[in-house]
Amino acid sequence: MSPPMAPAGWSRWLVPPAALSGHLSIGQAYAWSVFKPPLESALGLSGTQSALPFQLGIVMLGLSAAFGGTLVERKGPRWAMTVALVCFSSGFLLAALGAAVEQYWLIVFGYGFVGGIGLGIGYISPVSTLIKWFPDRPGMATGIAIMGFGGGALIASPWSAQMLESFGTDSSGIALAFLVHGLTYAVFMLLGVLLVRVPRPVKTDGDGLAVLDGPQVSARSAVRTPQFWCLWIVLCMNVTAGIGILEKAAPMITDFFADTSTPVSVSAAAGFVALLSAANMAGRIGWSSTSDLIGRKNIYRVYLGVGALMYALIALAGDSSKPLFILCALVILSFYGGGFATVPAYLKDLFGTYQVGAIHGRLLTAWSTAGVLGPLIVNWIADRQEEAGKDGSSLYTLSLFIMIGLLAVGFVANELVRPVHPRHHEPVARPQEKEASDVR
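First things first, this report covers the structure right here in the doc. (Residues numbered from 1 in each chain as written. Predicted model: local features only at pLDDT ≥ 70, side-chain atom pairs only at ≥ 80, totals over all residues. Heavy atoms only, no water.)

1. A few points about the overall build of the protein
Item 1. When you go through the protein residue by residue, the secondary structure sums to 19 helices and 0 strands.
Item 2. Taking 22 Å as the expected radius of gyration for a compact globule of 440 residues, we find that the protein reaches 21 Å, a close match to that expectation.
Item 3. Dimensions along the principal axes, computed over C-alpha positions, put the protein at roughly 75 × 45 × 35 Å.
Item 4. Taken over 440 residues, the protein has a buried fraction of 57%.
Item 5. Relative to all contacts within the protein whose residues are 6 or more apart in sequence, the contacts with residues 24 or more apart total 84%.
Item 6. Summed over all atoms, the accessible surface of the protein reaches about 16,300 Å², with 67% contributed by carbon and sulfur.
Item 7. Taking the average location of the 27 positive side-chain charges in the protein and that of its 24 negative ones, the two points are 12 Å from each other. (Helix = DSSP H or I, 4+ residues; strand = E, 2+ residues; numbered from the N terminus. Rg over C-alpha atoms; globule rule 2.2 N^0.38 Å. Buried < 20%, exposed > 50% of the residue type's maximum accessible area, 1.4 Å probe, protein only. Contact = heavy atoms within 4.5 Å. Areas by Shrake-Rupley, 256 points an atom, 1.4 Å probe, with all protein chains shown as cover. Lys, Arg positive; Asp, Glu negative; His and termini not counted. Charge placed at Lys NZ, Arg CZ, Asp CG, Glu CD.)

2. A word on a nonpolar patch on the surface
Item 1. Together, L93, F167, L176, L179 and L183 give the surface a local cluster of nonpolar side chains, amounting to about 390 Å² of exposed area.
Item 2. No other element matches the 3 residues that helix α9 (residues 171-195) contributes to the nonpolar patch.
Item 3. Note on placement: L93 falls in helix α5 (residues 77-100). (Patch = residues over 30% accessible without salt bridge, like charges linked within 9 Å, V, L, I, M, F, W, Y side chains within 5 Å. Salt bridge = Lys/Arg side-chain N within 4 Å of Asp/Glu carboxyl O.)

3. Section: the packing of helix α13 (residues 266-294) against helix α15 (residues 322-351)
Item 1. Taken N-terminus to C-terminus, the directions of α13 and α15 make an angle of 45°; their axes are 6 Å apart at the nearest point. On the basis of the axis angle, α13 is oblique to α15. The crossing of α13 and α15 is right-handed.
Item 2. Grouping the constituent residues of the contact of α13 with α15 by class yields 14 nonpolar, 8 polar and 1 charged. (Axes fitted to C-alpha atoms, helices over the stretch in contact; angles between N-to-C directions. Parallel < 35°, antiparallel > 145°, perpendicular 65-115°, else oblique. Left-handed = near helix turned anticlockwise from the far one by under 90°. Nonpolar A, V, L, I, M, F, W, Y, C, P; charged D, E, K, R; others polar.)

4. Brief notes about helix α17 (residues 365-387)
Item 1. In this model, α17 (23 residues) spans 33 Å end to end at C-alpha, consistent with the 33 Å of a helix rising 1.5 Å per residue.
Item 2. Of all the bends in α17, the greatest measures close to 25° and is centred on L376.
Item 3. Downstream of α17 by one or two residues, G389 has phi in the positive range, about 95°. (Expected span 1.5 Å × (residues − 1). Bend = angle between axes of the 7 residues up to and from the residue.)

5. Quick word on the nonpolar core
It is characteristic of soluble globular proteins that their nonpolar side chains tend to be buried jointly.
Item 1. One finds Y30, Y123, F178, Y336, F340, F351 and W367 to be the most contacted residues of the largest nonpolar core, which totals 120 residues.
Item 2. The element contributing the most residues to this core is α15, with 14 residues.
Item 3. The residues touching W367, leaving out its near neighbours within four places in the chain, are Y30, I58, L61, Y123, F149, V239, I243, Y336 and F340.
Item 4. Listed in part, the 12 residues of the second largest apolar core include V15, F134, A141 and I144. (Core = buried A, V, L, I, M, F, W, Y, C linked by side-chain atoms within 4.5 Å.)

6. What to know about the packing of aromatic side chains
Item 1. Inspection of the entire model under this criterion finds 27 aromatic pairs.
Item 2. For the ring pair Y123 and W367, a centre distance of 4.9 Å and an interplane angle of 70° mean the geometry is edge-to-face. Highlighted residues: Y123 in helix α6 (residues 104-124) and W367 in helix α17, separated in sequence by 244 residues.
Item 3. A relative accessible area of 0% means that W367 is categorised as buried.
Item 4. A centroid spacing of 6.1 Å and a plane angle of 45° characterise the contact between W229 and W232, whose relative ring orientation is tilted. Here the residue W229 and the residue W232 both occupy positions in helix α11 (residues 226-247), the gap between them amounting to 3 residues, near one helical turn.
Item 5. Its relative accessible area of 43% is what places W229 among the partly exposed residues.
Item 6. The buried category is assigned to W232, whose relative accessible area is 17%.
Item 7. Ring pairing ties together the aromatic residues W32, F35, F88, F92, Y111, W159, F178 and Y185, which thus form one cluster.
Item 8. When the ring centre of F257 is taken as reference, the NZ or CZ atom of K322 above it lies at 5.5 Å. (Phe/Tyr/Trp six-rings, centres within 6.5 Å; stacked < 30°, edge-to-face > 60°. Lys NZ or Arg CZ within 6 Å of the ring centre and 35° of its normal.)

Written out as C-alpha cells, the structure reads:
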C-alpha cells in the first residue's frame, strides 16, 4: 500500500493536513482523565487502576513505534496510517464492549494494548515524510503535525464530557461514548490515508540512486551512539514531568482548590483539561518553530530549566492562587508538547534524514517509560498520602518535587549532546544499499 508519488507541482502544504487528521484523532489519549472519575465510580476502581489503560497505551505507543519504525520507513506513510486507523478504532470498540459487560480487563486490553499500537504507528507515520517535504524548516513541519496529537484532547475533552453527560456515567453510558469515539475517529483518520503523498526524488547520483545531503546515520548505528541515549534521557524526563500532570489533570485541580472558597466543578475541571490541551498544541508548533531559529539544544534548555521553575511555583504557592496554578500548568504543558515536536528535528540535525523515522520510533521507547513513570509517581503518591489522611494540594507536593529532580537530570543530559562521530556515518552515494542490508 505505497502512497502515490506527488505529481509535478503538488503543494507540500497539502501534506500537513493529512498528518493532522491522524494526530488529532490519536491525540484523544490526552483526554483520558475525563473518563477516570466515571470509571472509578461505575467499576469501583482506584485512581491508579483507572490510569492503567492510559499507561498501557503509552507503553504500546513507544514499543510499536520502536519495533515498527523501520517497517513504516519501508512501506510508507499510507500503509502506516491505515494500520493506525484499524488499531486505534478497534481499541475503542473493544473498550466499549468491555464497559458494556463491565469487564475492566477488556477496556485495558482494547484501549491500552490494541489502541496503543495504533497510537505508536500513527504517531510516527508522517514524521519522515514531513521532514523530506520541509528540509528547510523541519521543526515547523513536524510541529504542525505533532501539534495535532497535543490538540486532540482540546476536541475530545469537552466532547467526551458532553457525551457522558448525555449518555450517563454508568457502564452503559461509558460504553456508548467509547463506541461513538471509535466510529468517528475511523472516518476522520481515513481522510489522511487518502490525502497523504510522498515527495518525488530530486537529486540522484550517476546510477540514479537518491543522494542525501550531510551526514547520515542508520537506525541500527544511531542506537549505538551516546547522542541517542542522551536524547532518550532528555525526552523521558521531559515527558515524565508533563504526563503526570496531564493524566491526573481533572482530579488534580479539583483537589488543589477543594477546601477553598472557589472549588472547581466537574465541568470546570474538564475545561482545564481542554486548556492544557490547547497549551500542549500551541507549544508543539510555537516552540518547535522557535527551535529552527535558536537551535535544538537551546530550546531544550528552556523546556527543562524553566519547566523546573514552574513546578517549584506550583509546589510552593499553587494552592494559594488559581491563576498562578493554571498559568504554570499551561507553561509546563507547552514545554511538554514542544519537546515532542522538536525531537524529530533534533534527530534530523544529529543523524540526517536517512531512516530518521525509524530512529524516531526507537527513541519513543522513552515515552513508553515515561508513560508508566509519570502517572505512577503522581497516582501512587496521591493514593498513599490520602491513606495517611492528607488532602488538597498536599496529595501532590512530593510528586512535584520529584518532577523537578527529573527535569534537572534531563537538563544535564541535553548539555552532553555533541555531533555524531563520523565513524557512524553512512556512505553518501548509496544509502539504499545500506537500508536493504538493514532490513534483511
